[in-house]
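This is what each chain is made of:
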Amino acid sequence: MKGSGCADFVEHGVRVADSMMFQEDKVWSKHSNDKVDIGESLTRVLRTLCKALPLTKKIRALSIGSSNEPQFRILETACRGGLYLMDIEGNALDIVKERIARQHTTHVSTICADYNNIFPERKNTGSFLNSRLGGKRVNLVTLHHSLYYSDENSWPVLIGNLYNGILASPGAIHAVLMAPSAREPYTTSWLYEHFVGKFFGSANTQDLCKLKKTLEARRSCKSAGIVFKKSRVYFSVDNYEKFMAVVWMILLYPNVHQYTLKQKEEISEFVYRHFWVKRRPLVQIQDNMVIYKGIGFKGLI
């Protein structure tokens, strides 16, 4: 695309909107420090669990919305009691299946399913425990950028069912999400709210900090130890199509929002003029929350 004008860039930006989500996530993972940031917190959670568990106890984990699991190396080595990777995209899980077979990691399993059809219902959660987890609870549940694809009004019940129906004691639920605040210009939160507000008249209300307060007030999670932190993630890549692929992932197209062709052209031109020409990286303010169960000390995050 060297030497191309704005119109050519816009055309390429619109065309890449139809990329598979796991492919977009792969670009984001490779060209940002997001997975490094998550990995740092995840390692702290695992350190906490190891301190709380007997040395002979093997950790079991469920990763919800795992995609092709960039944290595979951490989870696979730490969770020898069983690692279950759950995602709605079969193509992403096929990549993991090939790796499982190639590297003989037989303690890792894949589950192709939509968590929104399971965990908001107590009965379905119990059936999932028995049919997919062999009736054995897990010590760790990860929700790394997967809560975007559910209604925040369902979160307290969903988390409550995971906490009471899936999570062992000691155990931890680790959730990561883009912060909802759009006050800092040209962050992912600002970009999302700018276009979603313009085209759909809505704002980003998916707030882990608010969820923390709600869970602390609920009887079902009264004994939980909930810790929270914010961090900054930077994304930059020397390829406009790859840059736009990540923008579409952030704008939740097409899984949540369906933009028209004209709207996609406007978004693509905006990114070209305000990010690409100015060589401006995407910055994401990121929220990390961990819900600890049966931990008699303050856990790490």
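Fair warning: this is a prediction, and the values are worked out from it, not measured in the lab.

## Structural notes on the overall build of the protein
- Helix and strand counts for the protein come out as 11 helices and seven strands.
- Taking 2.2 N^0.38 as the reference for a compact globule, 301 residues should give roughly 19 Å; the C-alpha atoms of the protein span a radius of gyration of 20 Å, in line with that estimate.
- Counting only C-alpha atoms and orienting by the principal axes, one finds that the protein spans roughly 60 × 45 × 30 Å.
- A buried classification covers 55% of the 301 residues belonging to the protein.
- As presented, the protein carries roughly 13,900 Å² of accessible surface, and 50% of it is formed by carbon and sulfur atoms.
- For the protein, the centre of its 41 positive side-chain charges and the centre of its 28 negative side-chain charges are spaced 10 Å apart.

## Description of the pattern of salt bridges
- Scanning the entire structure with this criterion turns up 11 salt bridges.
- Between Glu266 and Lys198 there is a salt bridge, with its nearest N and O atoms 2.2 Å apart. Residue Glu266 is located in helix H11 (residues 261-276), and its partner Lys198 is located in helix H8 (residues 188-200); the two are separated by 68 residues in the primary sequence.
- The shortest N-O distance in the salt bridge between Lys212 and Glu216 comes to 2.8 Å. In this pair, Lys212 and Glu216 both sit in helix H9 (residues 208-217), four residues apart, roughly one turn of the helix.
- On the basis of relative accessibility, which here comes to 19%, the residue Lys212 falls in the buried class.
- By relative accessible area, which is 38% here, Glu216 ends up partly exposed.

## Here we look at the packing of aromatic side chains
- Using the criterion set out here, one finds 21 aromatic pairs in the structure.
- For the pair Tyr240 and Trp276, a centre-to-centre distance of 5.6 Å together with 70 degrees between the ring planes defines the contact as edge-to-face. Highlighted residues: Tyr240 in helix H10 (residues 240-250) and Trp276 in helix H11, separated in sequence by 36 residues.
- Owing to a relative accessible area of 10%, Trp276 belongs among the buried residues under this scheme.
- Over the face of the ring belonging to Tyr163 we find Lys293, whose NZ or CZ atom lies 5.1 Å from the ring centre.

## Regarding the pairing of strand S5 (residues 167-178)
- Across the 12 residues of S5, 11 count as buried, placing the element largely inside the fold.
- As paired strands, strand S4 (residues 138-144) and S5 are joined by six bridges and run parallel to one another. Bridge pairing links His144 to Val176 in S5.
- Taking the sense of rotation as the criterion, the β-α-β connection linking S4, helix H7 (residues 155-165) and S5 turns out right-handed.
- Inspection of the sheet shows S5 paired to strand S7 (residues 282-293) by eight bridges, in the antiparallel sense.

## Overview of the pairing of strand S1 (residues 60-64)
- The buried fraction of S1 is high, at five of five residues.
- Judged from the five bridges that link them, S1 and strand S2 (residues 82-87) form a sheet pairing that is parallel. Directly across from Arg60, in S2, lies its bridge partner Gly82.
- Looking at chain direction, S1 and S4 are connected through three bridges and run parallel. Pairing of Ala61 across the sheet is with Leu140, part of S4.

## So, the nonpolar core
- Met86, Phe119, Leu162, Ile166 and Ile267 are the most contacted members of the largest nonpolar core, which totals 74 residues.
- Aside from chain neighbours lying at most four places away, what touches Ile267 is Phe195, Phe199, Met244, Val247, Trp248, Leu251 and Tyr259.
- Ile59, Val96, Tyr292 and Ile295 belong to the second-largest nonpolar core, a separate cluster that totals 22 residues.

## A word on the environment of Ile59
- In this fold, Ile59 is placed in the loop between helix H3 (34-52) and S1.
- With 27 residues separating them in the primary sequence, Ile59 and Ser32 have C-alpha atoms 29 Å apart.
- Once residues within four sequence positions are removed from consideration, Ile59 is found in contact with Leu46, Leu49, Cys50, Leu53, Ala78, Cys79, Arg80, Gly81, Gly82 and Asn139.

## Remarks on H3
- Here H3 contains 19 residues, and its C-alpha end-to-end distance of 27 Å stays within 8% of the 27 Å for a straight helix at 1.5 Å per residue.
- Asp34, Lys35, Asp37, Ile38, Gly39, Ser41, Leu42, Val45, Leu46, Thr48 and Leu49 are the residues of H3 that are buried.
- The inward-facing, buried residues of H3 contact helix H2 (21-31), helix H4 (72-78), S4, S5, strand S6 (225-235) and S7.

Quick notes on the rules
Residues numbered from 1 in each chain as written. Predicted model: local features only at pLDDT ≥ 70, side-chain atom pairs only at ≥ 80, totals over all residues. Heavy atoms only, no water. Helix = DSSP H or I, 4+ residues; strand = E, 2+ residues; numbered from the N terminus. Rg over C-alpha atoms; globule rule 2.2 N^0.38 Å. Buried < 20%, exposed > 50% of the residue type's maximum accessible area, 1.4 Å probe, protein only. Areas by Shrake-Rupley, 256 points an atom, 1.4 Å probe, with all protein chains shown as cover. Lys, Arg positive; Asp, Glu negative; His and termini not counted. Charge placed at Lys NZ, Arg CZ, Asp CG, Glu CD. Salt bridge = Lys/Arg side-chain N within 4 Å of Asp/Glu carboxyl O. Phe/Tyr/Trp six-rings, centres within 6.5 Å; stacked < 30°, edge-to-face > 60°. Lys NZ or Arg CZ within 6 Å of the ring centre and 35° of its normal. Pairing = 2+ DSSP bridges. Right-handed = clockwise from strand over helix to strand, strands pointing away. Core = buried A, V, L, I, M, F, W, Y, C linked by side-chain atoms within 4.5 Å. Contact = heavy atoms within 4.5 Å. Expected span 1.5 Å × (residues − 1).

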